[in-house]
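Chains, contacts and geometry: an overview
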Amino acid sequence: MNFLGQVWDWFTSSKQWHGEFGIPHRLFEHVQLSAVSVLAALVLAIPIGVALGHVRRGGNAAVIVANLGRAIPSFGILVLMVTVLGIGAGPTFVALVLLAVPPMLTNAYVAVHGVDPDAVEAARAAGMTPRQVLWKVEIPLATGLMFAGIRTGAVYVVATATLAALAGGGGLGDVIVNQASYGTAGVIAGALFVTVLAFLVEGVFALIQRLVTPKALRYDEDVTEVLLGPPVIEST
Amino acid sequence: VPTLAANGPDSWIWWSWVGDHLAEIRTALYEHIVLTVVSVGIGLIIAIPLAIIVRRYRRLYAPVLWLTGLMYAIPALALFGILVPITGLTRTTAIIPLVSYTLLILVRNIVTGLDAVSEDVRDAARGMGYTGRAQFVRVEVPLAIPAIFAGIRIATVSTIALITVTAVIGQNSLGQLILDGLNRDFRTPLVVGLVLTVVLALIADLFLLGVQWLLTPWARGRRA
């Protein structure tokens, strides 16, 4: 197909690999914005999720956060933040943090809440203080599932960071949105690039998740649990 | 009607603009609902047979999950970028990604729900003389409804939020009001679009919960 040839030519033309408008710079912007957003979401979501799971309260709140997270459009938050912060990476940052918090928080809650009560009971019987139970029993046992939420959030963030272009925040979305300067072949190349990046992040996080999960708790999850969290049978 | 204090073009919401643009807002809301129903509807039309096939030929389940998972991970804007040169700035270009994002959720929940029907129940159905298709339609599917509806609800709510992005390829929806707010640096249409999107998602969720309640009379009163 001639069109694939054009995409290939676009990719291999040296113009795309240099300067502020080149792919490496756009990729750098994309990764930087995603990384900062994921970190901020982590700092917000994990302590709250772990705390709620530890005291075994707030299950309804966790479900509400998860549902609201799905209902709030990132595009709307992005534009809302543009009217507050102006054009730039800031609005996308806020939208991405809001996108990543729900899966991270809910998974952290579910992970800590779901730790075998017998293990917690045994730790208490052995004389551990509540703080020791949290740090030496609950958190280590919850790490794998907790990380699954971080992974879901990270994949959402990398995919959605594409929207930054609409608010003048740069990133690979700029290549997709800016057909005037990059051409149709460029748009397709940019789209392929973002997709590959999302899969790459997914793969890297899958590997880290495996490494941080205690050996006895490793299992072969199916791909959907990563993207959607544990199977939902009934949610209210 | 008393006017609110500090109400003008620069406030978060300017009621007189809303009053003057009710027709536009109503059309955007209507188009948003149409896109939701069409996308989730097509998603179901594809997902139901796919789930039935996958349950019969179990070996296909992993590849189907992998493929739908792949489609789920492609950013919407990227998919629009790929499709626009082929299908143009049309509703088709908007619907293809919207449908493809529902498939993973729907297929997984339908299969999980049908798998969860216990062997005892199947045995009892056979004992009552049910076979094949009748057993599937009258025993297994009804029992799987809570799981299937959980999938439909997640798919619907996510689709309603995602539809706002189709404004960038020129499709009318509540996203068009949000985009209008961006283009003109004008908060009122943005706030109207954003609030109505979230409200629509929550109402759709409650509506589906109501339908589920009507379809599963035996489950009522079991939970507080």
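Structure first, text after, so check above.
Our subject in this report is the structure included herewith.

Calculation rules
Residues numbered from 1 in each chain as written. Chains lettered and ligands numbered in written order. Predicted model: local features only at pLDDT ≥ 70, side-chain atom pairs only at ≥ 80, totals over all residues. Heavy atoms only, no water. Helix = DSSP H or I, 4+ residues; strand = E, 2+ residues; numbered from the N terminus. Axes fitted to C-alpha atoms, helices over the stretch in contact; angles between N-to-C directions. Parallel < 35°, antiparallel > 145°, perpendicular 65-115°, else oblique. Left-handed = near helix turned anticlockwise from the far one by under 90°. Contact = heavy atoms within 4.5 Å. Buried area = accessible area lost by both parts, 1.4 Å probe. Salt bridge = Lys/Arg side-chain N within 4 Å of Asp/Glu carboxyl O. Polar contact = N/O pair within 3.5 Å; in protein donor to acceptor, adjacent residues only side chain to side chain. Nonpolar A, V, L, I, M, F, W, Y, C, P; charged D, E, K, R; others polar.

**Side note on unusual backbone geometry**
A positive phi angle, near 55°, is found at A:Arg56, a position not held by glycine. In this fold, A:Arg56 is placed in the loop between helix 2 (23-54) and helix 3 (59-71). The backbone of B:Asp185 shows a phi angle near 50°, a positive value even though the residue is not glycine. Its place among the elements puts B:Asp185 in the loop between helix 8 (174-184) and helix 9 (187-215).

**Observations concerning the packing of helix 8 of chain B against helix 9 of chain B**
Residue and element names in this part refer to chain B. Closest axis-to-axis distance for the helix 8/helix 9 pair is 7 Å, and the angle between their directions is 150°. By the criterion of interaxial angle, the relationship of helix 8 to helix 9 is roughly antiparallel. As helix 8 runs across helix 9, the sense of the crossing is left-handed. The segment helix 8 lies against helix 9, with Leu174, Leu177, Ile178, Asp180 and Gly181 engaging Pro189, Leu190, Val192, Gly193, Leu194, Leu196, Thr197 and Leu200.

**Quick word on the interface of chain A and chain B**
With 44 residues of chain A at the interface, the matching set in chain B holds 45 residues. For the pair chain A and chain B, the summed buried area comes to about 3800 Å², and 78% of that belongs to carbon and sulfur atoms. At the surface where chain A touches chain B, the tally comes to zero salt bridges. Our count for the contact surface shared by chain A and chain B stands at two residue pairs in polar contact (both at pLDDT 80 or more). Elements supplying a minimum of two residues to the side of chain A that touches chain B: helix 3, helix 4 (74-85), helix 7 (130-160), helix 8 (173-177), helix 9 (179-212) and helix 10 (223-228) of chain A. If you tally residues by element for the side of chain A that touches chain B, the top one is helix 9 of chain A, at nine residues. Looking at the side of chain A that touches chain B, its residues break down into 30 nonpolar, 10 polar and four charged.

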